[in-house]
Amino acid sequence: MALQLKSMAVIGAGTMGKGIAQWFAQQGLQVQLVDTKIEIAKTSCDQIVASWKKLVEKKKFTEEQALMFETMLSAKTIDDINHCDLVIEAIVEKKEIKDQLFKKLDEKLPDNCIFASNTSSLSIAELSQAVSLERRARFLGLHFFNPATIMKLVEVVGTSDVEDGLASQIASWFQAHGKEAAQCKDGPGFIVNRLARSFYGEALRIVGKENADQEREVDSILKQVGGFQMGPFELMDLIGIDINLDVTNIVWHAFHKNPRFAPHPLQEKMVKEGRFGKKTKKGFFSYE
Amino acid sequence: MNKEIIVHDGHHPLLDTLKKSKLGHYTRSEMLAQRPQIVWDFTLGTTLEKREFYQQLRSMGVNQIHADLTTCHGSLLIKEFPELQTAFASACWSPKDSYELWQRDPEAEFGLLEILPMQPVEVQSPGHCFTYPRVISTLINEARFAAKDGLAKTSDLDRAMKYGVNYPLGLVQWEERIGKEIIDLILRDLREETNSDRYKTL
């Protein structure tokens, strides 16, 4: 039977949470955007509304559509969250904080509500231990990619506790709403963050030590010959060298320090020096 | 006798294209009778195998080698063999229909485009298995491990990379285009030359 979703909540009104909330409202669901303080949630809702206005100017939506989306969106705190069919957590990547949140949500929300985490690095099975046995059957990973309104992929991550067919039903729901759903098991980095590690790690090993000309050449070759949209060095600068190193370390440790995932000394050196990429105006390339 | 010839071992993915060249094409055993002075080497081999081959060419009096070094340590070989004038990576299929090219003299014109009518991208050094073949081989290797681990169906692995990070192809599909033999050779040479399990394959 096809999954019916009419309402949902996103916990965490940061960049990812905002994008996820916006996308669901655009699908016609009642969306609650939740944060610790109502002011934060309201500010994020205002930013989403401003984004719709811009999209109307660009003729991506009609004014009627934008007004309809606006009526679907509301700002909430955890204490006044209403019942909904799906809740997606998109808060800070700290297990203890997520555990507390899921415990609270488990008590507040009805048994049929599907729980999901947008985590990119924590185990879904471990996170699901925070909720009741019954809820674990409806607890999955739904990993969106930034910006969530544009990037098509959603990784649908199941565990051995999830009830039969639920992950497939959710994947089909996303496919029917214009996303590309990739189902996978609960492994370190899921699919993308595991498989893409070599894109950065091997490029770093090719250059070995800092050399902006060579880094530029590697980027250029991988675009001109490999057909990649961005080279690994410009992409690391965009993502943040610190964030990229964190993900590498998480996957490397989860695979018992398998050399396929080992971080490179150059990444570590740059992070120690506070050169995180575009956000600090210095990374592999300079942005001053 | 042909002064300038193409040598291959029957395994190069562009063999049909090579055969269209006006140059004669021979296997390694056939080439001996040709006593060539210029060799376009399209054999596939590891660094060790290429080194042995170039020593043989040197002893035959070959004074100019242009070689596909996709699957070996090109930067080492161009130091050891001044006869190597051109090194390129045409054995690894490219979604952009192009390949990496290194020339000892960047201004020299040897007629490569007549043999390989794709877009060359000039590089400062061949490195070890060039850049694109090396990066794509390690990416594909991880997709092999993920499939073996049962992380996801191969169709889901491919969908994730195409729509999550905008790769032009999924990695499983990419391996099918390049060919398992090429990927295995690249990973084998990287592992042998670096002595690292980073390049261990299934």
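What you are looking at is a predicted structure, and each value in this text was computed from that prediction instead of being measured. (Residues numbered from 1 in each chain as written. Chains lettered and ligands numbered in written order. Predicted model: local features only at pLDDT ≥ 70, side-chain atom pairs only at ≥ 80, totals over all residues.)

(A) Focus on the overall build of chain A. Secondary structure summary: chain A contains 13 helices and 8 strands in total. Relative to the 2.2 N^0.38 estimate, which gives 19 Å for 288 residues, the radius of gyration of chain A is 20 Å and therefore close to what a compact globule would have. Looking at the 288 residues of chain A, the share that counts as buried comes to 45%. Within chain A, contacts between residues separated by at least 24 positions form 64% of all contacts whose residues are at least 6 apart in sequence. (Helix = DSSP H or I, 4+ residues; strand = E, 2+ residues; numbered from the N terminus. Rg over C-alpha atoms; globule rule 2.2 N^0.38 Å. Buried ≥ 20, exposed ≤ 12 C-beta atoms within 10 Å, placed from the backbone. Contact = placed C-beta atoms within 7 Å.)

(B) Inspection of the interface of chain B and chain A at higher detail. Listed per partner, the contact involves 39 residues of chain B and 35 residues of chain A. When contributions to the side of chain B that touches chain A are tallied by element, the ones reaching two or more residues are β6 (98–103), α6 (132–149) and α7 (154–164) of chain B. It is α6 of chain B that contributes the most residues to the side of chain B that touches chain A, 10 residues altogether. Here the side of chain B that touches chain A is composed, by residue class, of 20 nonpolar, 10 polar and 9 charged. (Nonpolar A, V, L, I, M, F, W, Y, C, P; charged D, E, K, R; others polar.)

(C) Region of interest: the packing of α7 of chain B against helix α8 (residues 171–178) of chain B. All names here are of chain B. It is the contact of α7 with α8, at a shortest axis distance of 7 Å, that shows an interaxial angle of 100 degrees. As far as their axial angle goes, α8 and α7 are roughly perpendicular. Residues Thr 154, Leu 157, Asp 158 and Met 161 of α7 pack against Leu 171, Val 172 and Gln 173 of α8. Considering only residue class, the contact of α7 with α8 consists of 4 nonpolar, 2 polar and 1 charged. (Axes fitted to C-alpha atoms, helices over the stretch in contact; angles between N-to-C directions. Parallel < 35°, antiparallel > 145°, perpendicular 65-115°, else oblique.)

(D) Main features of unusual backbone geometry. Here the bond from Asn 146 of chain A into Pro 147 of chain A is cis, since omega is -5 degrees, no more than 30 degrees from zero. By the secondary structure assignment, Pro 147 of chain A is in the loop between β6 (139–144) and β7 (153–157). Positive phi is not limited to glycine here, since Asn 166 of chain B has a value of about 60 degrees. Following the sequence through the fold, Asn 166 of chain B ends up in the loop between α7 and α8.

(E) Here's a closer look at the pairing of strand β1 (residues 4–8) of chain B. Residues and elements named next belong to chain B. For β1, a buried count of 4 out of 5 residues is recorded, marking the element as mostly surrounded by other parts of the structure. Relative to strand β3 (residues 38–42), β1 is paired through 5 bridges, and the arrangement is parallel. Bridged to Glu 4 within β3 is Ile 38. Across 4 bridges, the pairing between β1 and strand β2 (residues 24–27) is parallel. Residue His 8 lies in a different strand from β2, and its bridge partner there is Thr 27. (Pairing = 2+ DSSP bridges.)

(F) Quick peek at the confidence of the model for chain B. This prediction gives chain B a mean pLDDT of 96; 99% of its residues lie at or above 70. Complex prediction metrics read pTM 0.95 and ipTM 0.97. (pLDDT = per-residue confidence, 0-100.)

(G) Quick look at α6 of chain B. All names here are of chain B. The end-to-end C-alpha separation of α6 is 26 Å, in line with the 26 Å expected for 18 residues at 1.5 Å each. In terms of burial, α6 is largely enclosed, as 13 of its 18 residues are buried. Two residues or fewer after α6 comes Gly 150, characterised by a positive phi angle close to 75 degrees. (Expected span 1.5 Å × (residues − 1).)

(H) Local environment of the domain arrangement of chain A. Under the domain assignment used here, chain A contains domain 1 (7–184) and domain 2 (196–280). The distance between the C-alpha centroids of domain 1 of chain A and domain 2 of chain A comes to 30 Å. (Domains from an automatic or database assignment.)

(I) How the structure looks around the domain arrangement of chain B. Residue and element names in this part refer to chain B. Domain assignment breaks chain B into domain 1 (4–122) and domain 2 (132–195). Computed from C-alpha coordinates alone, the two centres of domain 1 and domain 2 are separated by 25 Å. Listed as interface residues are 16 residues of domain 1 and, on the opposing side, 16 residues of domain 2. Considering only residue class, the side of domain 1 that touches domain 2 consists of 8 nonpolar, 7 polar and 1 charged.

(J) Seen up close, the sheet that holds strand β5 (residues 114–117) of chain A. Residue and element names in this part refer to chain A. The 8 strands are arranged β3-β2-β1-β4-β5-β6-β7-β8 in an open sheet whose pairing can be described as mixed. The sheet is open, and its two edges are formed by β3 (73–76) and β8 (180–184), each paired on a single side. Each adjacent strand pair in this sheet contributes to an overall mean axis angle of 25 degrees, direction not counted. The pairing of strand β2 (residues 30–34) with β3 spans 4 bridges and is classified as parallel. Bridge pairing in β3 links Val 31 to Leu 73.

(K) Quick peek at the packing of helix α12 (residues 241–254) of chain A against helix α13 (residues 265–272) of chain A. All names here are of chain A. Interaxial distance between α12 and α13 falls to 9 Å at its minimum, and their mutual angle equals 130 degrees. Judged by the inter-axis angle, α12 sits oblique to α13. Crossing angle aside, the handedness with which α12 passes α13 is left-handed. Contacts from Ile 241, Asp 242, Asn 244 and Leu 245 of α12 reach α13 at Gln 267, Glu 268, Met 270 and Val 271. Broken down by class, the residue content of the contact of α12 with α13 amounts to 4 nonpolar, 2 polar and 2 charged. (Left-handed = near helix turned anticlockwise from the far one by under 90°.)

(L) Here's a closer look at the sheet that holds β2 of chain B. All names here are of chain B. Ordered by their spatial adjacency, 7 strands build an open sheet running β2-β1-β3-β4-β5-β6-β7, and the pairing between neighbours is mixed. Where the open sheet ends on each side, the last strands, each with one partner, are β2 and β7 (119–122). Strand after strand, the sheet turns through a mean of 25 degrees between neighbouring axes, direction not considered.

(M) Representation of the environment of Tyr 26 of chain B in the model. Residue and element names in this part refer to chain B. Relative to the helices and strands, Tyr 26 is located in strand β2. Taking the C-alpha atoms as reference points, Tyr 26 and Thr 131, 105 residues apart in sequence, are found 29 Å from one another. With near-sequence residues (within four places) excluded, Tyr 26 lies in contact with Ile 5, Val 7, Met 31 and Gln 34.

(N) Seen up close, the pairing of β8 of chain A. Residues and elements named next belong to chain A. The buried count for β8 comes to 4 of 5 residues, which makes it a mostly enclosed element. Of the pairings in the sheet, the one linking β7 to β8 comprises 5 bridges and is parallel in character. Residue pairing for β8: Glu 155 is matched across the bridge by Ala 182. This β-α-β element, β7 to helix α7 (residues 166–176) to β8, shows right-handed connectivity. (Right-handed = clockwise from strand over helix to strand, strands pointing away.)

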